[in-house]
Amino acid sequence: MTAISAYAVQVPCLHHRHRRNTLAVVGREAAGTRDQEETLMKIGIIGAGNIGGTLTRRLTALGHEVAVANSRGPETLAALASETGARAVTVSEAPRGADLVVVTIPENRIPDLPPDLFHEAPEDLIVVDTGNYYPRQRDGRIEEIEAGLAESRWVEQQLRHPVIKAFNNIYAQHLGGNGRPAGAAGRIALPVAGDDPRAKTVVMDLVNALGFDPVDTGGLDESWRQQPGSPVYTTDKDAEGVTHGLADADRQRAPEWSATSDSPGTFEAPA
């Protein structure tokens with residue numbers, strides 16, 4: 001695990017739009033420096049709840065071209081589209097032509113996504129999973145996760161496409177309003193886990209552009225370190241605090257984050 005608290009060079013303002021084959025510019029590093037040019041991406045967001053709506057607002061404000069979808073259809077997203085300039089689309093349309101797709105829906109709804117959602121997607125499409133497993137509050141029992149599989153590894157298996165885990169450990173209100181410039185004292189840090197170094201670097205750069213210090217959790221199998229119940233979950237720690245919190249995380253699920261025979265209940269009355 002590597003802290004990025006000193007994020008070697010501040011990411012410049014995003015101001016150039018390129019085609020997909022130049023997306024690699026974001027992830028390329030040489031001799032400790034970054035290209036002084038950032039790519040504005042085409043981003044699909046599947047899910048328009050608290051996190052999805054917040055990311056739609058923040059990412060369009062940064063200049064990214066955003067297409068947002070939910071399970072109820074584009075017509076229900078007219079207000080969000082009008083507010084942000086994002087395109088309201090169907091779930092199946094969200095990945096088309098995208099450089100990056102954010103999947104931000106309840107864990108128990110992941111299997112309901114179209115089975116061919118990423119069937120025609122290029123191998124280098126970056127998919128970000130923001131989800132959390134809430135067995136007693138919402139999702140019910142997912143046997144593979146209860147048996148120890150990392151939440152996002154389970155999501156990856158359902159989607160049949162590699163994922164990067166990010167944005168799962170912060171309240172939407174804080175994601176929307178608590179970003180700070182690079183180098184600011186007390187800047188909140190967000191952990192990012194994934195197996196593809198290039199894809200993870202792109203997401204970490206995006207985290208930085210949104211006003212947070214990215215911290216590398218490690219591979220996706222280490223993403224349990226940022227799951228609910230961990231020291232970094234909704235605690236708004238800085239980069240040093242997140243680094244220590246990831247190291248101190250306990251792989252064993254606490255009872256409040258494990259399913260029971262009565263699960264699920266509600267957030268107000270977990271079962």
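In case you missed it, the structure is sitting above this.
Residues numbered from 1 in each chain as written. Predicted model: local features only at pLDDT ≥ 70, side-chain atom pairs only at ≥ 80, totals over all residues. Heavy atoms only, no water.

Trainee: Looking at this model, I keep getting lost on the overall build of the protein chain. Mind explaining?
Mentor: Within the protein chain, the regular secondary structure consists of 9 helices and 13 strands. Every one of the 271 residues in the protein chain was classed for burial, and the buried ones make up 51%. Summing over all exposed atoms, the protein chain offers an accessible surface of approximately 12200 Å²; the carbon and sulfur share of this is 47%. (Helix = DSSP H or I, 4+ residues; strand = E, 2+ residues; numbered from the N terminus. Buried < 20%, exposed > 50% of the residue type's maximum accessible area, 1.4 Å probe, protein only. Areas by Shrake-Rupley, 256 points an atom, 1.4 Å probe, with all protein chains shown as cover.)

Trainee: Mind showing me how you'd approach helix α2 (residues 50-61) here?
Mentor: One full turn of an α-helix is made of 3.6 residues, so residues set three or four places apart face in the same direction. End to end, α2 covers 17 Å across 12 residues, agreeing with the expected 16 Å (1.5 Å per residue, within 8%). The buried fraction of α2 amounts to 9 of the 12 residues, a majority that puts the element mostly inside the structure. Within the sequence span of α2, burial applies to I51, G52, G53, T54, L55, T56, R58, L59 and T60. Its buried side turned inward, α2 meets β6 (42-46), β7 (65-69), α3 (78-84), β9 (100-103), α7 (172-177) and α8 (197-209). Two residues or fewer past α2, G63 is found with a positive phi of approximately 105°. (Expected span 1.5 Å × (residues − 1). Contact = heavy atoms within 4.5 Å.)

Trainee: I'm lost on the side chain of E156 in this one. Help?
Mentor: If you trace the backbone, E156 turns up in helix α6 (residues 151-159). Polar contacts involving the side chain of E156 include one to the main-chain amide nitrogen of V163, which spans 3.2 Å. Beyond its immediate chain neighbours, meaning those up to four positions away, E156 contacts H161, P162, V163 and L220. (Polar contact = N/O pair within 3.5 Å; in protein donor to acceptor, adjacent residues only side chain to side chain.)

Trainee: Just checking my understanding: could you explain the pattern of salt bridges for this structure?
Mentor: Proximity of charged atoms lets side chains of opposite charge pair with each other. Taken as a whole, this structure holds 13 salt bridges when the rule is applied. Of the charged contacts, one joins D221 and R153 as a salt bridge, the two residues approaching to 2.8 Å between their closest N and O atoms. Highlighted residues: D221 in the loop between β13 (213-218) and α9 (239-248) and R153 in helix α6, separated in sequence by 68 residues. In this structure, R225 engages E222 in a salt bridge whose closest nitrogen and oxygen atoms are separated by 2.7 Å. Here the residues in one salt-bridge network are D129, E151, K165 and R253, joined through shared partners. (Salt bridge = Lys/Arg side-chain N within 4 Å of Asp/Glu carboxyl O.)

Trainee: Sorry if this is basic, but what is going on with the pairing of β6 here?
Mentor: Each regular strand shows side chains that alternate between the opposite faces of the sheet. Most of β6 is tucked away: 4 of the 5 residues are buried. Across 5 bridges, β6 lies against β7 in parallel orientation. Residue K42 lies in a different strand from β7, and its bridge partner there is E65. Remark: the β6/α2/β7 crossover connection has right-handed handedness. Where β6 and β9 come together, 4 bridges link them in parallel fashion. Pairing of I43 across the sheet is with L100, part of β9. (Pairing = 2+ DSSP bridges. Right-handed = clockwise from strand over helix to strand, strands pointing away.)

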